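Residue-level structural notes
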Amino acid sequence: MEKIKVSFVSDYITRPFNRYLKKYEVNHFDISQIEMTLMSKVDSDVLVIIPKNNYDLDMLKNLIINFRKNNKTKILISNFWDDFLDISYSQNISDMTKLHQKNQYLETFLDISDVNIINIYKLVQLYGINTLFNNKNEYLFQTPWTKDGAKIIAKEIDEKIQLFYTKRKKVLVLDADNTLWGGVIGEDGVDGIKCDENYPGILYKKFQLQLKEIQNSGIVLTMVSKNNFEDVKEVFDKKEMPLKWDDFLIKKINWIPKSENIKEIAKEMNVGMESLLFIDDNPFEIEEVKRIEIDSVLVNEENILSILDDVRLKSITITKEDKEKFQQYKSEQLRSKILKDVSSIDEFIKSLNIEIDYSINNKNHLKRITQLINKTNQFNLTTKRYSESEVEKMMKNDKVFSFSVKDKFGDMGIVSVVIIKNGEIDTFLMSCRVLGRKIEDKIMEIILNHTSLPLKAKYIKTAKNAQVKDFYEKYGFKVIEKNKDIKTYIKE
């Protein structure tokens, strides 16, 4: 695999970061060439911009917007920090307010595709400005960071680069005893469970608060515990904790191997094993679950408040669909219950009162469209991956359809993307959450009504999309070329 190419452009000398970013192919533009660089074509995967505090942000934003028209390079830009003279309290407050305003304005840059922020301001709060920066270094060598500062900032840059290239987990699978709370319910009883304001209970309480934030950002919480079901339920009934019983979509509380329970969770949620992250305090359970190739994390009192600081649980942006993910899965459980009670699929579909809406080249849907393009595997005819900036460019020249679905149980948000380029269906994908409801039939009808014939299409075989290998034949497309992995079609 080729190394990711990372370029730095800054008002400072940035070569001190090299020793901490050896996994990348790193190069540096000359100092104070931000404007010139953003007006050029850049042959890098990621461009890291570190401006001085006095840089004109309006000009910088316009430069990045224009840069995006001709470059698909992802951008990381640092926010601002400062070391204020302690002359007076009111002056410090005024200076700090201005700094906050600048950093808040910088957050509007996130509206530009494939842009993320290096939060140096946060690092200053965590480590102290004297740990990260040295004025003498800046004046003598035009590089303000200390040795420790370069290492800390490089770690932040590394994480933000990884965010561009890492698939976010969809599901957390959590143990109960000594994970969600301190103590073992079967031995200590409800009164002996620790999740409160005292040590070590405060660790578990704060961990649950973090889990609540994770859930609100779109990752679903589930529980797998070797315990008596009634005992665990009693903890939630009697113990005042941040997480409630109903915050867990699925609860597998029994004495069978946890790997088997986790397989059932993946099946019930219709997600791949790679979408799950398992957290447990028992090394035996961790190893048992790793057997089925589930990413796992061993938790203890030393690391409990840091294990959720994992790039696999983070996202550059949180979409509307992400925030509603838990409720969407809850609604899916209700749909599944109805399916068991009806006599046919057609009766089930009719009972849902499905409504499909769509738009073409809607920039408000850009982030969700890009998200679907880069994570959908099963119902994906070509499995082409595009960056946000590439999708934005296609919206100017081609037709990018986004389809949203709702039924009597709720709004499922945008669940399908179709891209038409040069008279060919370049991308046709649909979230696995809505499979089995003939939604693809209506989508194809809409596509054909908005597209001139003849229309070409392709099916490109992958390890996960076999279910759609004959998809186009259903709609009258004829095979005009075929080999082992690719079928090319035309509809006239």
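One can find the structure itself at the top, above this paragraph.
Residues numbered from 1 in each chain as written. Predicted model: local features only at pLDDT ≥ 70, side-chain atom pairs only at ≥ 80, totals over all residues. Heavy atoms only, no water.

Turning next to the sheet that holds strand β8 (residues 251-254). Read from one edge of the open sheet, 5 strands run β8-β7-β6-β9-β10, paired in parallel fashion. Across the chains shown, the open sheet's two edge strands, defined by having one partner strand only, are β8 and β10 (295-298). Within this sheet the neighbouring strands show an average axis-to-axis angle of 20°, counted without direction. Of the strand pairs in this sheet, strand β6 (residues 171-174) and strand β9 (residues 276-280) are connected by 4 bridges, and their pairing is parallel. (Pairing = 2+ DSSP bridges. Helix = DSSP H or I, 4+ residues; strand = E, 2+ residues; numbered from the N terminus. Axes fitted to C-alpha atoms, helices over the stretch in contact; angles between N-to-C directions.)

Counting 33 residues, the largest nonpolar core has Leu172, Leu174, Leu180, Trp181, Leu211, Phe236 and Leu308 as its most contacted members. Looking at this core, the elements with two or more residues in it are β6, α9 (201-216), β7 (220-226), α10 (229-238) and β9. A total of 5 residues in this core trace back to one element, the largest contributor, which is α9. (Core = buried A, V, L, I, M, F, W, Y, C linked by side-chain atoms within 4.5 Å. Buried < 20%, exposed > 50% of the residue type's maximum accessible area, 1.4 Å probe, protein only.)

Two elements in contact, helix α11 (residues 258-269) and helix α12 (residues 283-290), have axes whose closest approach is 8 Å; the angle formed by their N-to-C orientations is 50°. Here α11 lies oblique to α12, going by the angle between them. Between α11 and α12 lies a crossing of right-handed hand. Of the residues in α12, those in contact with Lys258, Ser259 and Ile262 of α11 are Glu285, Glu288 and Val289. In terms of residue class, the contact of α11 with α12 is made up of 2 nonpolar, 1 polar and 3 charged. (Parallel < 35°, antiparallel > 145°, perpendicular 65-115°, else oblique. Left-handed = near helix turned anticlockwise from the far one by under 90°. Contact = heavy atoms within 4.5 Å. Nonpolar A, V, L, I, M, F, W, Y, C, P; charged D, E, K, R; others polar.)

Following the criterion strictly, the structure yields 39 salt bridges and no others. Between Glu274 and Lys464 there is a salt bridge, and its shortest N-O distance comes to 3.2 Å. Pair noted here: Glu274 is in the loop between α11 and β9 and Lys464 is in the loop between β15 (455-460) and β16 (478-482), with a separation of 190 residues, a long-range link. Note on Glu274: relative accessible area 39%, which makes it partly exposed. Across the salt bridge formed by Glu388 and Lys367, the nearest N and O atoms sit 3.0 Å from each other. Of this pair, Glu388 sits in helix α17 (residues 388-397) while Lys367 is found in helix α16 (residues 366-375), placing the two residues 21 residues apart along the sequence. Residue Lys367 is classed as partly exposed on the basis of its relative accessible area, which comes to 24%. Look at the salt bridges and you will find they share partners, linking Lys169, Asp295, Asp310 and Arg312 into a network. (Salt bridge = Lys/Arg side-chain N within 4 Å of Asp/Glu carboxyl O.)

A cluster of basic side chains, namely Arg19, Lys22, Lys147, Lys151 and Lys155, defines a positive patch on the protein surface. Secondary-structure assignment places Arg19 in the loop between β1 (5-10) and β2 (25-28). (Patch = residues over 30% accessible without salt bridge, like charges linked within 9 Å, V, L, I, M, F, W, Y side chains within 5 Å. Areas by Shrake-Rupley, 256 points an atom, 1.4 Å probe, with all protein chains shown as cover. Lys, Arg positive; Asp, Glu negative; His and termini not counted. Charge placed at Lys NZ, Arg CZ, Asp CG, Glu CD.)

As a further point, take the packing of aromatic side chains. Per the counting criterion, the structure on display carries 20 aromatic pairs. For the ring pair Phe379 and Phe471, a centre distance of 5.3 Å and an interplane angle of 80° mean the geometry is edge-to-face. Placement of Phe379 in the loop between α16 and α17 and of Phe471 in the loop between β15 and β16 is noted, with a sequence separation of 92 residues between them. A network of ring pairs unites the aromatic residues Phe379, Phe428, Phe471, Tyr472, Tyr475, Phe477 and Tyr489 as a single cluster. The residue whose ring lies beneath Lys74 is Tyr165, and the NZ or CZ to ring-centre distance is 5.7 Å. Here the basic side chain of Lys251 rests over the ring of Trp245, its NZ or CZ set 4.7 Å away from the ring centre. (Phe/Tyr/Trp six-rings, centres within 6.5 Å; stacked < 30°, edge-to-face > 60°. Lys NZ or Arg CZ within 6 Å of the ring centre and 35° of its normal.)

Before going further, it helps to examine the sheet that holds strand β4 (residues 74-78). Read across the open sheet, the 5 strands follow the order β2-β1-β3-β4-β5; overall the sheet is parallel. The sheet terminates laterally at β2 and β5 (115-118), the two strands that pair on one side only. Each neighbouring strand pair of the sheet contributes to a mean axis angle of 20°, computed without reference to strand direction. As judged from the 5 bridges shared by β1 and strand β3 (residues 46-50), these two strands associate in the parallel manner. Pairing of Val6 across the sheet is with Val46, part of β3.

Turning to its location among the elements, Gln215 is positioned in helix α9. Of the residues examined, Gln215 reaches a relative accessible area of 7% and is grouped as buried. Here Asp247 takes part through its backbone oxygen, which lies 2.8 Å from a polar atom of the side chain of Gln215. Those residues within four positions of Gln215 in sequence are excluded, and the remaining contacts are Leu221, Asp247 and Phe326. (Polar contact = N/O pair within 3.5 Å; in protein donor to acceptor, adjacent residues only side chain to side chain.)

Restricting attention to buried positions, one finds in α10 the residues Val232, Val235 and Phe236. The arc that holds every buried residue of α10, seen down its axis, measures 90°, which confines them to one face. Exposed positions of α10 whose direction lies more than 90 degrees from the buried face are Glu230, Asp237 and Lys238. Tucked into the core, α10 has its buried residues touching α8 (185-188), β7 and β8. (Arc of directions from axis to C-beta.)

Mapped onto the elements of the fold, Tyr199 is located in the loop between α8 and α9. Given a relative accessible area of 61%, Tyr199 falls into the exposed group. Spatially, the C-alpha atom of Tyr199 lies 43 Å from that of Thr376, the residues being 177 residues apart in sequence. A distance of 3.5 Å separates polar atoms of two side chains, one belonging to Tyr199 and the other to Glu301.

Here we take up the environment of Ser40. Structurally, the position occupied by Ser40 is in the loop between α1 (34-38) and β3. Exposure remark for Ser40: the relative accessible area of 32% places this residue in the partly exposed category. In sequence terms Ser40 and Lys487 are 447 residues apart; their C-alpha atoms lie 39 Å from each other. Residue contacts for Ser40: discarding those within four places in its chain leaves Phe67 and Asn71. A polar atom in the side chain of Ser40 sits 2.7 Å from the backbone oxygen of Met36.

Examined bridge by bridge, strand β11 (residues 355-360) and strand β12 (residues 399-407) share 6 bridges and lie antiparallel to one another. Across the sheet, residue Asp357 finds its bridge partner in β12, namely Ser404. Summarising the sheet, β12 and strand β13 (residues 410-421) pair through 9 bridges and their orientation is antiparallel. Each residue of the ladder has a partner; that of Phe401, found in β13, is Val418. A loop of 2 residues connects β12 with β13, the two strands running antiparallel in sequence.

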